[in-house]
Structures are given as C-alpha cells and as structure tokens.
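Observations on the model geometry
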Amino acid sequence: MLDNPMWLRDNCPCPDCRDPHSGQKFFQITDLPDDLAIGTLAERADQIEVTWFPDGHRSVYPRAWLTAPAAVDHRSEAGKRLWSAADLTQAPEALPEADWHTYLSMPAERLRVLEAVQRLGFALLRGVPVEEGQVLEVAESFGYVRETNYGRLFDVRVEPAPGNLAFTSRAIAPHTDNPYRDPVPTIQLLHCLTNAAEGGDSGLVDGFHAAALLRAEDPGAFAVLARTPVPFVYRDAQTELSAFRPLIDVDPLGHVREVRFNNRSFGTLRSPGGFYDAYRAFAKVLARPELMLTFRLGPGDCLIFDNTRLLHARTAFEQSGARHLQGAYADLDGLASTLAVLRRTIALDELEALFTGPGTGDYLGEPVTMAEHMLQAAALAEAAGASAHLVASALLHDLGHLDGGAELMAGVDNRHSHTGADLLGRWFGPEVTEPVRLHVAAKRYLCAVEPDYRARLSEASEFTLQVQGGPMSAQEAAGFAALPGAADAVAVRRFDDAAKVAGAATPAFAHFRPLLARLLRG
Ligand code: OGA
Ligand code: ZN
Ligand code: ZN
C-alpha cells in the first residue's frame, strides 16, 4: 500500500483534500503531480504521517484505515447465501417471513427481512392489508417504486386481451421479469389480494445457485452464456422495448452478478453458434425439482424478491377462478441503503439503551452514575479537541462494567475493558475498541511511569487498581508503551480519570450519535 503513492494520496483524509462534512473529494486525479512520491514517512503507534514530494502536502492515515479489509459487492454471489428448496424448508431453517405490522414497528424485524432479501434473494411479508395499492406501501417501506410502461403498479389477473402471458391463467415457467428493460428492475414485489382458484401456486428458484452448479458441471456452457448477449424484446401498441444482455452476467472478478431468464420475451439470436446447447444445459439445471421452493400465496401475503437473481413461477389456475395479485418494481440499491442506515440506527439504539438502562446504576462508589461518568469523559475528550474515534472510545470505555461493576468492587477483576472492547467490536473498528481494551492497562502503566499519577486516583480507582494487578513493572510498562494503541489508551484514561465530577452538566447520548454513526463499520 505504501508502495502506491497515487493511491495513498488519492485517499488523503485531510480537510484540504476532502470536504469534512460530506467526505467528498475536492481534487481531480490529474491534479496530482506526475512525479508524486513519498518524501518522508513518520510511523507512529496508531497512524502514519506522510510528507509528499514535490508539493510538501501532509497526510495522516490511521493504521486501522490502512489495514481495513476491502468491502464485498453485495450484488455479486460473493455476498449471497445460495440455496436449494430444502435449505429453506428443513429445520432449523425456515422461510424468511415476517408479519407486516411487526416489520413496520420493529427496526430489528425490518433488518431481518431486508437482510433476507439481500442474502437469500427474497422475503415474504404476511398480513399486508388486502387492499389495492398496498404493494406500493411495501415498496416504499424500503425504497423507491420503479414506474414502467405497466404503471406504478400492475395487476396480475386474467385479462380479456392480455399483452403478457402473466395476465392469463396459464402456468408461467420460472423466469425473471422485464429482461427487455435496460436497466432491468432489480426488485419485484407481488402482493396477493385473492387466490381462491384451483392452482396458481408459486415457485422460486435461486438463479445464482443454478449458475454456480452449471459452472461446476459444465464450465464451457457457463462461459458461452456469460459472453453471449441475448436480445430480449417486448412490444405492444404503446411500447417497444429491447435489451441485449447475457443470461449470466459475471463481474470483472468472475463472480455471478445477474441472471436473466425469460423464454417468453427471448428474441431472435442471430449466429447462435453453440449458444443453444449451453442455454438448454442451464435451463435443465434451473428445472431441477430440488431447486424450486414451492408455496402458495394467500390474501395479504407480499413477496419481495431480487429480480436479478431469483426466478419466479406459478402453476396454471382455473380460468374462471378468482386470482388477483398486484405487482410493482423497485431497486436493490435503495434497499441496501435502507438496510445500512437501519444497521446504524439499531446499533446506536442498543448503545443508547445501555446508557438509559443499566448505565443509570452507581459507578463503583463514585459520586456519578456510569452513564454520567462516560458522558463526562466524552465531553472532556470533545472539549479537548480529540479526534472522533477518541471521543467515541471515551464515551464507551466502561460499557463492560454495565453488568459486572459490583463484582469488581467485591474484589474480582471483571476484565471490563476486554468485555467492553469485545462488545464494541460488533460495531466499531480497532481505532475505537483498542483504547477501550487498554484503558485499564493504561492506568497501571501511568502508575508506573508518572510519579504523582497514582496519588491523584480516586479512592475507588485505587481500590480497583489492586484488583486489576497494581502498577506495571518497568518491563511491563515498556511493553505497554510499544503497543500500537498505547497513546490513544493513555489519552482516554486521562479523560476517564477526570470524569467523576458530581452533578457536572454533559450533553445527552443523542449529542454523540452523529459522531458514532460516522465511525460505525459498514
Ligand atoms: C408476473 C408473474 C406470477 C404469478 O406477473 O410477472 O410472474 O404468481 N406472476 O402470477
Ligand atoms: Zn413474472
Ligand atoms: Zn471509566
């Protein structure tokens, strides 16, 4: 990484390079000097500082950022869980389903449903009111409706002069919708209003799983499908749509990213070469009975599915019988955004609940509650101009006490710095968790190296020092000072020690939510 100066400089986080508010970059890649090189490199415990040649610009990079893993594309098979029918119908697995009202009222339930759409390709909401137009409410609960020539929503029922076989009582074989659209709608919703006819059962097939099976069993066929653009067409009196895309779309890393499959709107492929053998081979994999999940939609059920991955189907139904679904399209990017923001909200709600619940308990014989103590530490960090990750560490440093403080005062080391850091690891990177992990060690360290530090400790802190192992030996202190996070941990420790003032006014937890939100891991 340090051997790639253009990359490193392009990622400079300083306020001259990026807008501190939006994080967006001010400069063009061509603005960087052709002869850009690292002038001097100062390696510190938790950050590296680069002075650039030839312009003398300075960049400071947190080590945690330098070593962070690359994000995966959640659209590609690398971010999915592939399935066969049995994977979702045999205990302990169950269909990803939820009640509509619970989904609306409980963020955690919304998270579970939207994660299922992203990871498994679908979810089933039950109890959506049996009223026309409700499918739009469902789409708008996580994203934006994609209007098409069929309207904002479309009715799936027997029509007198159907422009699409979906609007007859025929069986519809597994397919993805609207392959003739570019870009294709990435999410489809089907809301059942009536399903009283004999027949009309639903089926779903994981197209990514089928593609992966084809790749393993017949790599030649897979390769043909991945490189052959296929014309898909749709026309009626007002509309003429066409798109040229492969049946299996593979990203530049070789991962399956989209599947398009629809016999009804497949146009004429000129010069097919070996395409038809490959097409039939894929179609046979898709038709394996063990791949198809079958179920029946009842009134109030709404299926949300990834139209770039799952194929959907229905059996034929009795023409005179009553069957009426309403469908709509939406997109995965909006759903992914809703999911990501929901993850933030849920994480911050959980933390806030710790402050307003167990945090209101006494803090180890000090004249403040645990929540007051941590809020004071964060306020002190903020007032001192500490960087955001240190404000967060100060705010969260004693989270591990929330259910073990009494133990510590009874003379048992509850190792709260470690339990706290481990808990926080669900949400934050090491720049936040490691100062928390080391804040007890930092006390033992400061006792060893700073002559008057120990004398200033509060009575309770002096007591817990004994339980926690007493001052470090000279050798331990040298080992501690060499740790990457030592300086940050000492900084947090100083805010911690000063945050025990009875009745001091501090901002509420809510004040720190935006700062925490920016530090949450994606
Ligand atoms: C559709 C469709 C399935 C059904 O309208 O695209 O495939 O269950 N309908 O009627
Ligand atoms: Zn369809
Ligand atoms: Zn503390």
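Residues numbered from 1 in each chain as written. Chains lettered and ligands numbered in written order. Predicted model: local features only at pLDDT ≥ 70, side-chain atom pairs only at ≥ 80, totals over all residues. Heavy atoms only, no water.

Of all the 9 residues making up strand S8 (residues 187–195), 8 are buried; the element is thus mostly covered by neighbouring parts of the structure. With 5 bridges joining them, S8 and strand S15 (residues 302–306) adopt antiparallel strand pairing. When the sheet's bridge partners are listed, Gln-188 is paired in S15 with Phe-305. Two strands pair when backbone bridges link them, and S8 and strand S17 (residues 323–330) are joined in this way by 8 bridges, in the antiparallel orientation. Within S17, the residue paired with His-191 across the bridge is Gln-326. (Buried < 20%, exposed > 50% of the residue type's maximum accessible area, 1.4 Å probe, protein only. Helix = DSSP H or I, 4+ residues; strand = E, 2+ residues; numbered from the N terminus. Pairing = 2+ DSSP bridges.)

Turning to the coordination of the zinc ion (ligand 3), a few remarks are in order. Within the protein, the zinc ion (ligand 3) binds to His-373 (NE2), His-397 (NE2), Asp-398 (OD) and Asp-496 (OD); these donor distances fall in the range 2.0 to 2.2 Å. Around the zinc ion (ligand 3) sit 4 donor atoms; with metal-centred angles ranging over 83 to 172°, the donor geometry is irregular. Mapped onto the sequence, the residues coordinating the zinc ion (ligand 3) show the spacing H-x23-H-D-x97-D. By the burial criterion, His-397 is buried, and Asp-398 matches it. (Donors = N, O, S within 2.8 Å, 3.2 Å for Na, K, Ca; no water. Tetrahedral: all angles 85-135°; square planar, octahedral: opposite > 155°, others 65-115°.)

This part takes up the sheet that holds strand S6 (residues 154–156). The pairing of strands in a sheet happens through backbone hydrogen bonds and is either parallel or antiparallel. Pairing is mixed in the open sheet, where 6 strands are placed in the order S4-S5-S15-S8-S17-S6. Only two strands of the sheet have a single neighbouring strand rather than two, namely strand S4 (97–99) and S6. Each strand of the sheet is rotated relative to its neighbour by a mean of 25°, with strand direction disregarded. Sheet strands touched by helix H5 (residues 107–119): S4, strand S5 (122–126) and S15. Its angle to S5, the strand with the most contacts, is close to 140°. (Axes fitted to C-alpha atoms, helices over the stretch in contact; angles between N-to-C directions. Contact = heavy atoms within 4.5 Å.)

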